Amino acid sequence: MNETLAATLGELQAQIYWLHDAEDFTELTSAVATIYRKLGYTQEQAETAGNLISQAYQLSDNAALAQKAGNFDKEMQFYYQVKDKLTQVETTLVYQTSIAIHQMKWWMYFRHKQKLQILLHLFLQHLKAVGLINLLTALKLTYFLMEIGRVHKSRDIETTKHNAIKYWTELLKIKPPQYPYLG
């Protein structure tokens, strides 16, 4: 069961990256909602989370445009809006530990090509969600997500799916009280 679920979630996660690239935010919303439904959240929670995460992606794209235009203040306004959307996701999913700031920061540092900062915030996002008792899992999840991003940039959908399936397989093994994945 977990292997099938991990495969489904991994394929959906990989699909989300391509939907984001294609700016197909309606399908991206649907894919994210499907992930949360499969994780056991209600239809309403899943749809709300999907919509908010889709909005966060769009806001991060606006931040990237502001960055390219050299408008730091506008870029940061957009990133704070991203954090607010992701915080609303956490509230919707009744998360006990906030990881939204780390998701927002690794997205921002990814666009700024600051690898150490990306790694730090990816790790903190995972560690806070799964807890210190699952330190090794947090490290593995961080590695798999880094690999997903690296391979996605090279436009290799099959390897992206493979890494995303490994991510979910590892995550589902520990049955965390909340999921570090926010889109």
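See the structure shown above.
Since this is a predicted model, take the numbers as computed values, not measurements. (Residues numbered from 1 in each chain as written. Predicted model: local features only at pLDDT ≥ 70, side-chain atom pairs only at ≥ 80, totals over all residues. Heavy atoms only, no water.)

Participant: Can you explain a positive patch on the surface? Please cite residues and give values.
Facilitator: On the surface, K68, K113, K115 and K153 cluster together into a patch of positive charge. With respect to the secondary-structure elements, K115 resides in helix α6 (residues 115–130). Take K115: its relative accessible area is 66%, and that puts it in the exposed class. (Patch = residues over 30% accessible without salt bridge, like charges linked within 9 Å, V, L, I, M, F, W, Y side chains within 5 Å. Areas by Shrake-Rupley, 256 points an atom, 1.4 Å probe, with all protein chains shown as cover. Salt bridge = Lys/Arg side-chain N within 4 Å of Asp/Glu carboxyl O. Lys, Arg positive; Asp, Glu negative; His and termini not counted. Charge placed at Lys NZ, Arg CZ, Asp CG, Glu CD. Helix = DSSP H or I, 4+ residues; strand = E, 2+ residues; numbered from the N terminus. Buried < 20%, exposed > 50% of the residue type's maximum accessible area, 1.4 Å probe, protein only.)

Participant: Any chance you could break down the nonpolar core for me, citing the residues and the numbers?
Facilitator: Membership of the largest hydrophobic core comes to 59 residues, with the highest contact counts inside it found for Y36, L39, Y167 and W168. Of all the secondary-structure elements, those providing two or more residues to this core are α1 (2–21), α2 (25–38), α3 (43–68), α4 (72–92), α5 (100–111), α6, α7 (135–153) and α8 (157–174). The biggest single contributor to this core is α3, with nine residues. Residue contacts for W168: discarding those within four places in its chain leaves A6, L9, G10, Q13, I35, L39, Y179 and Y181. (Core = buried A, V, L, I, M, F, W, Y, C linked by side-chain atoms within 4.5 Å. Contact = heavy atoms within 4.5 Å.)

Participant: Any details on the pattern of salt bridges? Residues and values, ideally.
Facilitator: Enumeration according to the criterion identifies six salt bridges in this entry. A salt bridge links E158 to K161; its shortest N-O distance comes to 3.7 Å. In this pair, E158 and K161 are both assigned in helix α8, three residues apart and thus about one turn of the helix distant. Owing to a relative accessible area of 23%, K161 belongs among the partly exposed residues under this scheme. Three or more residues joined by partner-sharing salt bridges are found here, namely K140, E170 and K173.

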